[in-house]
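Fold and contact review
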Amino acid sequence: MTDMELWNHCENPYPFVPAEVLDAAEAVRASLPNKYCDPDIAARLYDQVFEEYRQCDELGLHIVTNEHHSGINNLWAASPVITGIVAQMTRKVRILSLGTLITVRPDPVRVATEYATIDVISRGRLDIGFVKSGATEMTSGDANPMRIREREWEAIDLIEKSLTSRDGPFSWEGKFFTHPHVNIWPQPYQKPRPDFWAATSDLPTCAELGRRGMVNTLLFGGYDKTRLAYGAYKQARQAAGLPEAGEDRFSYMAFCYVGDTDEEAFRIGQKIAWFLTVSLKSAPQMSKFQPGQWAPEMAPTMWRSGGSKRPSNLTAEALIAQGQMFAGNPDTVVRQIKAFRERVGGCGRIIMMTHQGLVTHEEALKSFNLAAKEVLPQLQGLGPVEQRVAAE
Amino acid sequence: MMHHELEILRAGDEAADTLLLIHDINPISHTAPFIGGLARSRYIVAPSHPGFGASPLPADFDTMYDLVNLYLDVLDNLDSDRIAVAGFGFGGWIAAELAVAGHRKLDRLVLVDALGIKLAARDERDFPHLFNTNPADLLRLAWHDPAARPAGIHGVGWQATISDEMTDADLVTLARNWDSLCLFAWRPHMFNPQLKHWLHRIRVPTLVLWGESDGIVTPDYGRRYADLIPGSIFETIPNAGHHPEMEQPTAFVAAVERFLS
């Protein structure tokens, strides 16, 4: 029996820059001057999202924080600060940091210290998520985009050792990081450490997550890519002789809006698409021409086609059909999520991106309320998924 | 014995004086007219850096230190006992490092629109960030006359010139070169903070040669670079940007020949 979880992911976007400024800008991330970010508006946005988190804590919706820099898409740039506040202001739900950017930050030991602190403040409610990052984040963080995956794994290994060592200090002299004296205080609340997640659809990485037993989450991957990713995870475990992973090891993030009616949800869900139509605008040097974006063999295709990552059709209906959005009245959303779970071979943790784009605070609160009260109860005690898909 | 495999372009008579060319962001094309010009009187050896062209990238290569030691290996392995070295742009940085490290065979040095040192104030750039600047801007800055750019030549800003005439194989190679350049030069971007205070160790006659219209790295930077190298000569080439060897090959070859002869 599977009890699915619902998580709320908000990037705290800033959709208040005049359209003519955004139209004229080369990129709306990394290089848009901060004179366009009014601190009073930002303060109000922080208040609103923290209020949403308080409601999620009451309703039993878990909370995801993340980190992007220098753009209209995200005000969580100082991610550990935000996650620390969430830890202190909530009491019940789990908190996933997905995550602070370990390929950008110079010292994984400092990251481990922040996470241990947050885990203690929350009394063991922290999950730690890792993302490879890339694109404008490499520019904002002055992080070399080459050999980024190797750097990510070394950072994860050092963070894990920092969180699990109790008889320190130990030293680390790796390829990317050195630290002669690692001995973090406090030690984390959870033992041996908080659970690890990673967001990826890269199949070799999914396989490694499988061998390590980390939670594999995909972001808007749609049905096929997600099923393949989970399949790589499962096959790697099987090949390594490890026990079958539970559905709690598989997670998926989608745009989500739950309304009283399908019509209402589609109308408001449509406003989320701002994320795709406006907030991803990036300069060619930070996107398709950034080194390391793809293997050189892929370059002719990506460069000639423009390298756009945007879905071609952005209506709510199209996003729903592609498995990238769950939207409708509560029963509709339940059907969509159950169908998704079946089609990808099992998925226990749905991350809802709801307060995104032009969706208002009040609209987000309404959706969370319906998701918790009308959707979540129908996602409990589910029978096993048809394994035919996963076994193909 | 070389420990690493390298693709090498060779031109001219092996019995002539050897001129080792250290390329900029892309390997030197055998069709570039300046190669023919230089090869009339010299034996030209132009390797592709590891990770560029057809040269493999060893898994443990990722710093300028690796490239300098590799080129010391190249000097060891060339037959001639008196070798002139010319470095272009990013390759000029490698050549300057190589000359600071010193090698008994190194006889003369030519730095062409070279990068590699930090001169401006800490909150000012000496040159645009090649990976964080729009390719259209780079193209405009890199050439005296971008419209008259020689066909089939991929200089700084080449991303803005991608066309259907370029083959997939060309694009794969350019992508590989771009990745490798980034690996070696993302941070600090295209300079070694220590290099400036060791340039006095360059003991060989040096020509610092600059495209007069170079907007990537200006002639003023070149003049100040030359001032740090004892006894060096600074010259500019008119009507040329960051790649004077490709934009004004005749004038370029003449300037190099005047110096080396």
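Quick look at the structure, then. Quantities reported herein were computed from a predicted structural model and do not represent experimental measurements.

Thresholds, definitions, all that
- Residues numbered from 1 in each chain as written.
- Chains lettered and ligands numbered in written order.
- Predicted model: local features only at pLDDT ≥ 70, side-chain atom pairs only at ≥ 80, totals over all residues.
- Heavy atoms only, no water.
- Helix = DSSP H or I, 4+ residues; strand = E, 2+ residues; numbered from the N terminus.
- Rg over C-alpha atoms; globule rule 2.2 N^0.38 Å.
- Buried < 20%, exposed > 50% of the residue type's maximum accessible area, 1.4 Å probe, protein only.
- Contact = heavy atoms within 4.5 Å.
- Areas by Shrake-Rupley, 256 points an atom, 1.4 Å probe, with all protein chains shown as cover.
- Lys, Arg positive; Asp, Glu negative; His and termini not counted.
- Charge placed at Lys NZ, Arg CZ, Asp CG, Glu CD.
- Phe/Tyr/Trp six-rings, centres within 6.5 Å; stacked < 30°, edge-to-face > 60°.
- Expected span 1.5 Å × (residues − 1).
- Polar contact = N/O pair within 3.5 Å; in protein donor to acceptor, adjacent residues only side chain to side chain.
- Salt bridge = Lys/Arg side-chain N within 4 Å of Asp/Glu carboxyl O.
- Pairing = 2+ DSSP bridges.
- Axes fitted to C-alpha atoms, helices over the stretch in contact; angles between N-to-C directions.
- Buried area = accessible area lost by both parts, 1.4 Å probe.
- Nonpolar A, V, L, I, M, F, W, Y, C, P; charged D, E, K, R; others polar.
- Disulfide = S-S within 2.5 Å.

1. Thoughts on the overall build of chain A
- Counting secondary structure elements, chain A contains 15 helices and 11 strands.
- Since a compact globule built from 392 residues should have a radius of gyration of about 21 Å, the 20 Å found for chain A is in line with a globular shape.
- Counting only C-alpha atoms, chain A reaches 60 × 50 × 45 Å along its principal axes.
- Here chain A holds 392 residues, and the buried ones make up 58% of them.
- Counted over contacts in chain A with a minimum sequence separation of 6, partners at least 24 positions apart contribute 76%.
- Put simply, chain A shows about 15700 Å² of open surface, and 53% of that area lies on carbon and sulfur atoms.
- Each charge class in chain A was averaged separately, 42 positive and 47 negative side chains, and the resulting centres sit 3 Å apart.

2. A few points about the overall build of chain B
- Within chain B one finds 8 helices and 7 strands.
- The C-alpha radius of gyration computed for chain B amounts to 17 Å, which stays within 12% of the reference 18 Å derived for 261 residues, consistent with globular compactness.
- Along the longest, intermediate and shortest principal axes, the C-alpha atoms of chain B span 45 × 40 × 40 Å.
- Per-residue burial over chain B gives 59% buried out of 261 residues.

3. Focus: the packing of aromatic side chains
- This model, assessed by the stated rule, comprises 32 aromatic pairs over all chains.
- For the ring pair F127 of chain B and Y221 of chain B, a centre distance of 5.8 Å and an interplane angle of 80 degrees mean the geometry is edge-to-face. Of this pair, F127 of chain B sits in the loop between β5 (106-112) and α4 (135-142) while Y221 of chain B sits in helix α6 (residues 219-227), and the two are 94 residues apart along the sequence. Summarising the burial analysis for this pair, F127 of chain B and Y221 of chain B share the class buried.
- Through a chain of ring-to-ring contacts, the aromatic side chains of F289 and W303 of chain A together with F131, W158, W178 and W186 of chain B assemble into a single cluster.

4. Some words on helix α6 (residues 148-164) of chain A
- Here α6 of chain A is 17 residues long and its end C-alpha atoms lie 24 Å apart, about the 24 Å a rise of 1.5 Å per residue gives.
- Among the residues of α6 of chain A, I148, R151, E152, W153, E154, A155, I156, L158, I159, S162 and L163 of chain A are the ones counted as buried.

5. What about the side chain of H179 of chain A?
Residue and element names in this part refer to chain A.
- Residue position: H179 is located in strand β6 (residues 178-182).
- A polar contact of 3.3 Å, which involves the side chain of H179, links it to the backbone nitrogen of H181.
- Leave out the neighbours within four places in its chain, and H179 touches D107, V109, F170, S171 and W172.

6. Some details on the pattern of salt bridges
- Here the structure, examined in full by the defined rule, presents 31 salt bridges over all chains.
- One continuous salt-bridge network, built from bridges that share partners, spans R147, E150 and K175 of chain A together with D62 of chain B.

7. Details of the sheet that holds strand β1 (residues 8-11) of chain B
All names here are of chain B.
- If you trace the 7 strands from one edge of the open sheet to the other, you get β1-β3-β2-β4-β5-β6-β7, paired in mixed fashion. Since the sheet does not close on itself, it has two edges, and those belong to β1 and β7 (233-237), each with one partner. Along the sheet, successive strands turn relative to each other by an average axial angle of 20 degrees, direction set aside.
- Packed on one face of the sheet, helix α3 (residues 90-101) meets β2 (17-22), β4 (83-88) and β5 and runs near 140 degrees to β4.
- Contacting β5, β6 (206-211) and β7, α6 crosses the sheet at an angle of about 175 degrees to β6.

8. A short note on the interface of chain A and chain B
- Contacts between the two partners involve 24 residues from chain A and, on the opposite side, 29 residues from chain B.
- Here chain A and chain B share an interface that buries about 2200 Å² over both sides, 58% of which is from carbon and sulfur atoms.
- Together, R147, W303 and R304 of chain A form the three largest contributors to the area buried by chain A at its contact with chain B, with a combined 28%.
- Viewed at the interface, chain B and chain A are joined by 5 salt bridges.
- Between R147 of chain A and D62 of chain B there is a salt bridge, with its nearest N and O atoms 3.3 Å apart.
- Taken together, chain A and chain B are joined by 15 residue pairs in polar contact (both at pLDDT 80 or more).
- Among the secondary structure elements, those contributing two or more residues to the side of chain A that touches chain B are α5 (136-140) and α11 (299-305) of chain A.
- Of all the elements, α11 of chain A adds the most residues to the side of chain A that touches chain B, at 4 residues.
- Of the residues assigned to the side of chain A that touches chain B, the class counts are 12 nonpolar, 6 polar and 6 charged.

9. Side note on the state of the cysteines
Residue and element names in this part refer to chain A.
- Counted under the stated rule, the structure contains 0 disulfides over all chains.
- As a non-bridged cysteine, C10 has C56 as the owner of its nearest cysteine sulfur, 9.5 Å distant.
- We classify C10 as buried; its relative accessible area is 0%.

10. Quick word on the environment of I63 of chain A
- With respect to the helices, strands and loops of the structure, I63 of chain A is situated in strand β2 (residues 62-65).
- Note: C-alpha distance between I63 of chain A and D195 of chain A (132 residues apart in sequence) is 15 Å.

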